[in-house]
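Residue-level structure breakdown
Each chain, letter by letter, is given below.
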Amino acid sequence: MQTITDIIQLRSLIAGWRAADHPIAFVPTMGNLHDGHMKLVRTAKHRALKVVVSIFVNPTQFGPHEDFDNYPRTEQQDAQKLVTADVDVLFLPSIDIMYPQRNLISIGIHELNQDYCGKSRPGHFEGMATIVCKLFNIVQPDMAFFGEKDFQQLAIIRQMVSDLNFPLLIYGVPTQREDDGLAMSSRNSYLTPQQRAVAPKLYQTLLTIKHHIVKGEPDFDQLTNQASAELNQAGFFTEYLNIANSDTLQPASPGDNTLIILAAAKLGNTRLIDNLTIHLNSA
Ligand code: PAF
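Everything in this summary refers to the structure shown in the same document. The structure presented is a predicted model; accordingly, all values stated were derived computationally and were not measured.

Reading guide: rules and limits
Residues numbered from 1 in each chain as written. Predicted model: local features only at pLDDT ≥ 70, side-chain atom pairs only at ≥ 80, totals over all residues. Heavy atoms only, no water. Pairing = 2+ DSSP bridges. Helix = DSSP H or I, 4+ residues; strand = E, 2+ residues; numbered from the N terminus. Axes fitted to C-alpha atoms, helices over the stretch in contact; angles between N-to-C directions. Near = heavy atom within 4 Å. Polar contact = N/O pair within 3.5 Å; in protein donor to acceptor, adjacent residues only side chain to side chain. Areas by Shrake-Rupley, 256 points an atom, 1.4 Å probe, with all protein chains shown as cover. Core = buried A, V, L, I, M, F, W, Y, C linked by side-chain atoms within 4.5 Å. Buried < 20%, exposed > 50% of the residue type's maximum accessible area, 1.4 Å probe, protein only. Contact = heavy atoms within 4.5 Å. 1 Å grid on protein atoms, 1.4 Å probe; cavity = no way out; pocket = protein on both sides within 12 Å on 5 of 7 lines; lining within 4 Å. Points joined across faces, edges and corners; volume = space filled by probe spheres on them. Nonpolar A, V, L, I, M, F, W, Y, C, P; charged D, E, K, R; others polar. Parallel < 35°, antiparallel > 145°, perpendicular 65-115°, else oblique. Left-handed = near helix turned anticlockwise from the far one by under 90°. Expected span 1.5 Å × (residues − 1).

Thoughts on the sheet that holds strand β4 (residues 89-91)
The six strands are arranged β1-β4-β3-β2-β5-β6 in an open sheet whose pairing can be described as parallel. Strand pairing shows two members of the sheet lacking a second neighbour, β1 (2-4) and β6 (169-173), which therefore form its edges. Looking at each pair of strands side by side, their axes are set apart by 25 degrees on average, direction ignored. Taken together, the two bridges between strand β2 (residues 24-29) and strand β5 (residues 143-147) define a ladder with parallel strand orientation. When the bridges of β5 are listed, A25 appears paired with M143.

Written out as structure tokens, the structure is:
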């Protein structure tokens, strides 16, 4: 594996691959790689001859009181994992390389960022979409891989690629979970042992809601209100817990066949997100 920090060097390597007609897959990350990331990498390896992984903790997608400074940075261990996974290139740019000057242009998002994480983290998705756009322009992959855990992020990226005519395919990869159901996330490392013991309740709550919906419970507000209250009683602070149409992310309405339960809840200062898709029979 080559570790490259410089855009010109990366572009010239990739130009060679392109000239040889090698399909190129890209997995953008913020590092602190866990098995969820490695699943993205494995999926990418199945689909393309060449795989580029980036690690860049992007300051513009963190709010002023969020965890940018404390975000876990484990580059050496990450690089070792990527070598073992037979990745071709680790792109590891500095902040100065990615944001060399005062940035006056960014990606604007309409509607898709109004609710859920977009509401609780103002500016987050604009920063995320802008860095993903820059990375796509630098790497110019044929395909890129993102985790379904960040469902709203994935929806925004798909829309950006479609609206702005990026010539690449986006693949969503199912959430990788710990044995007790907790969705894997770099932020899980912030949890105290007591919080870690409670954390799987978030996913259990989504499973319970799904069970009631599949059984025919029509009152989604009642379901989510009760579930939020139970999460809060267990020690969470529920930021949102909503049932939406999984294509539009609009509140679910009667007749929707594919729903998604979306949740964000804090345990202490640690913000966890998760989601669960429900396919209803269209009879
Ligand atoms: O999901 C992430 O890790 C980040 O939001 C991403 C897509 C790498 C952009 O910084």
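Section: the site of the ligand
P28, T29, M30, Q61, M128, I131, V132, F146 and Q153 make up every residue found near the ligand. Contacts to the ligand include Q61, whose side-chain N or O atom sits 2.6 Å from an oxygen atom. At a separation of 2.8 Å, an oxygen atom of the ligand approaches a polar side-chain atom of Q153. The fraction of the free accessible surface of the ligand (290 Å²) that becomes covered by protein chains is 88%. Only β2 and α6 (124-139) provide two or more residues apiece to the shell around the ligand.

Quick look at the nonpolar core
Soluble, globular proteins show a tendency: their nonpolar side chains are buried together. Ranked by size, the top nonpolar core spans 47 residues in total, and within it V52, F136 and I170 carry the most contacts. Those elements that place two or more of their residues in this core are α1 (7-19), β2, β4, α6, β5, α7 (151-163), β7 (237-245) and β8 (258-267). Among the elements that line this core, the one with the most residues is α6, at 10 residues. If we skip the residues at most four places from it in the chain, F136 touches F26, P141, A144, F146, I157, M160, V161, F166, L168 and I170. Counting 23 residues, the second-largest nonpolar core is a separate cluster that includes Y203, A263, L267 and I278.

Considerations on the layout of surface pockets
Here the largest pocket defines a volume of roughly 360 Å³. What lines the largest pocket is a set of 13 residues, among which H65, E66, D67, K266 and N269 lie closest to the centre. In the lining of the largest pocket, the residues fall into one nonpolar, five polar and seven charged. For the second largest pocket, the calculated volume is near 290 Å³. If you go around the second largest pocket, you meet 18 residues; those closest to its centre are I109, H110, L112, Q159 and D163. Among the residues making up the lining of the second largest pocket, the classes are represented as eight nonpolar, seven polar and three charged.

What about unusual backbone geometry?
Among all residues except glycine, the phi angle is most often negative; among peptide bonds, the trans geometry is most common. The phi dihedral of D21 is positive, around 65 degrees, even though this residue is not glycine. Among the secondary structure elements, D21 is positioned in the loop between α1 and β2. Although it is not a glycine, L249 adopts a positive phi angle of roughly 65 degrees. In this fold, L249 is placed in the loop between β7 and β8.

Topic: the sheet that holds β8
Strand order in this open sheet of three strands is β7-β8-β9, and the pairing throughout is antiparallel. The open sheet is flanked by β7 and β9 (270-279), the only strands paired with a single partner. Across the sheet, the mean angle separating the axes of adjacent strands is 10 degrees when strand polarity is ignored. In the sheet, β8 pairs with β9 via 10 bridges, with the strands oriented antiparallel. Among the inter-strand pairings, A264 is bridged to a residue of β9, identified as I273.

Examining the packing of α6 against α7
The contact between α6 and α7 brings their axes to 11 Å, and the two run at 50 degrees. The angle between α6 and α7 falls in the class oblique. Viewed along their axes, α6 and α7 form a crossing whose handedness is right-handed. From α6, F125, M128, A129, V132, C133 and F136 reach across to α7, where they touch Q152, Q153, I156, I157, M160 and V161. Broken down by class, the residue content of the contact of α6 with α7 amounts to 10 nonpolar, two polar and no charged.

Comments concerning α7
Relative to the 18 Å expected for 13 residues at 1.5 Å per residue, α7 spans 18 Å between its end C-alpha atoms, a close match to the ideal helical length. Those residues of α7 that sit buried are F151, Q152, Q153, L154, A155, I156, I157, M160 and V161. Looking at the buried positions of α7, the neighbouring elements they touch are α5 (117-120), α6, β5, β6, β8 and β9. Two residues or fewer after α7 comes N165, characterised by a positive phi angle close to 55 degrees.

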